[in-house]
Amino acid sequence: MKLVALSFLLGATVIFLATAFWQSAGAPTWVGYVKAAAEAGMVGALADWFAVTALFRYPLGIRIPHTAIIPTRKDALGDSLGDFVGTNFLSEQVVRERLRRVGVARRLGGWLAQPENAERVTAELSTVVRGAVAVLRDEDVQAVMEHAVVRRVVAVPWGPPLGKLLAGVFADGSHHKLVDLVCDRAYDWVKANHSTVLRVVSDRAPSWSPRFVDSLVADKVFGEVQSFAWMVKTDPNHPMRLAVDKFLAEFASDLQTDPTTMERAEQVKQQVLDHPEVQNVIGSAWSTAKGMLLDAAEDPSSELRKRVREGLVSLGRRLSEDDTLREKVDHWVEGAAAYVVLNYRDEITTLITDTVQRWDAEETSRKIELQVGRDLQFIRINGTVVGALAGLLIYAVAQLIL
């Protein structure tokens, strides 16, 4: 394009020289019009060449003021570009209006409602999960778990919260099913262990007591025990059951108020945490969870991925059909974008200005010229043509007047 533009200048120059020599040799009148057009075309071509060249370098290497604009004013242009973007594109009103027109929630809902898109998102999430889990070091995660979970469990007293929990359970009678189970098992045990009761009574009987007396006593004891177990099992208001309820209620209260009971609860807590099996569970918790998570993330048919996929499809359908939910999501998106724009606009525009400042001036000028230079050469071509027409018009008017 530079050669094309230059050829227009050279053409105008050749025509000008030819017509000038012709006029000196006595040319016709019309040659003056051609000469004037060629002369003006040369001036227009040279002026526009100077203007285009001055954007990127010093014309002919001469340091004329206000030339080589892009290399010398690169940083100022970067600042202006950053301010322009920040003012016209990163304003809260512009961002909110744009997001409102886009309808993020509706588009997202329609896209997620397609099973293949939900599967794609699930696969990408699985990749992210695998990457995050692979990056984390086991010892670091284990240390965090011990500090954040185990130590907090140790630091918090168990008595009061446990007592409050048990008090709520005992107050609404939720424990009665457990008491029923214990009573049923106790009765079944007594019923199935007649020989055991006989042996216990016989062992406790005096050595001088006759055998048949021991058997009679043992049968009597067994009958009383079985009858007692049956009454406890079948009567919800049996004194034994009421005594158990009273004991449990007092125990729940003591866990919250009695220092001795609270201290014993702390001792039990420490014994539980110090138990080797519990320590092994704590130590292997992350390894176990990590293995389960990786297996579930890698297997497309795993329950985890299936539930995530179904949840995404369900969310997409709700976003497509539920106007209230869609408005809420749009409001959240607009609010989040507005927050980012208001609080981080300077950081975003600084990315532009800092990037431009790091560019080499001559390299920047060369890259920009390669991108827009083709269009700029048309300015030179148009300058030649328009200059020639303007020169022709001026010469013609001058001839008419004079």
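The paragraphs below set out a description of the structure included in this document. (Residues numbered from 1 in each chain as written. Predicted model: local features only at pLDDT ≥ 70, side-chain atom pairs only at ≥ 80, totals over all residues. Heavy atoms only, no water.)

On to the overall build of the protein. Of regular secondary structure, the protein possesses 18 helices and 0 strands. Burial status across the protein gives 27% buried among its 402 residues. Carbon and sulfur atoms make up 63% of the accessible area of the protein, which totals about 26800 Å². (Helix = DSSP H or I, 4+ residues; strand = E, 2+ residues; numbered from the N terminus. Buried < 20%, exposed > 50% of the residue type's maximum accessible area, 1.4 Å probe, protein only. Areas by Shrake-Rupley, 256 points an atom, 1.4 Å probe, with all protein chains shown as cover.)

Enumeration over the complete set of coordinates arrives at 7 salt bridges. Notably, a salt bridge pairs Arg307 with Glu303, separated by 3.1 Å at the nearest N-O pair. Of this pair, Arg307 and Glu303 both sit in helix α16 (residues 303-321), separated by 4 residues, roughly a single helical turn. Here Arg307 falls in the exposed class, since its relative accessible area comes to 56%. Overlapping salt bridges, with partners in common, bring together Glu92, Arg96, Arg100 and Glu334 in one network. (Salt bridge = Lys/Arg side-chain N within 4 Å of Asp/Glu carboxyl O.)

The next thing to look at is the packing of aromatic side chains. In total, this model carries 4 aromatic pairs according to the counting rule given. Between Tyr339 and Tyr344, the aromatic rings sit 6.4 Å apart at their centres with planes inclined by 70 degrees, giving edge-to-face as the arrangement. By relative accessible area, Tyr344 is classed as partly exposed at 40%. (Phe/Tyr/Trp six-rings, centres within 6.5 Å; stacked < 30°, edge-to-face > 60°.)

Our focus in this paragraph is unusual backbone geometry. Even without being a glycine, Leu60 presents a positive backbone phi close to 60 degrees. On the secondary structure map, Leu60 appears in the loop between α2 (30-56) and α3 (69-72). At His66, a residue that is not glycine, the phi angle is positive and equals roughly 65 degrees. Mapped onto the fold, His66 is located in the loop between α2 and α3.

Right, let's get into the nonpolar core. By size, the foremost hydrophobic cluster in this structure holds 6 residues: Leu9, Ala12, Phe16, Ala38, Met42 and Ala45. Breaking this core down by element, the ones donating at least two residues are α1 (2-24) and α2. Ignoring any residue separated from it by four or fewer positions in sequence, one finds Leu9 in contact with Met42, Ala45 and Leu46. (Core = buried A, V, L, I, M, F, W, Y, C linked by side-chain atoms within 4.5 Å. Contact = heavy atoms within 4.5 Å.)

Glancing now at the side chain of Thr353. Positionally, Thr353 belongs in helix α17 (residues 323-358). In this structure the side chain of Thr353 is engaged in a polar contact, spanning 3.0 Å, whose partner is the backbone oxygen of Thr350. With residues near it in sequence (within four places) discarded, Thr353 still touches Gly78, Asp79 and Gly82. (Polar contact = N/O pair within 3.5 Å; in protein donor to acceptor, adjacent residues only side chain to side chain.)

A few words now on a nonpolar patch on the surface. A contiguous nonpolar patch, built from Leu393, Val397, Leu400, Ile401 and Leu402 and spanning about 640 Å² of accessible area, is present on the exposed surface. Summarising the element assignment, Leu402 is placed in the segment after α18 (361-401). (Patch = residues over 30% accessible without salt bridge, like charges linked within 9 Å, V, L, I, M, F, W, Y side chains within 5 Å.)

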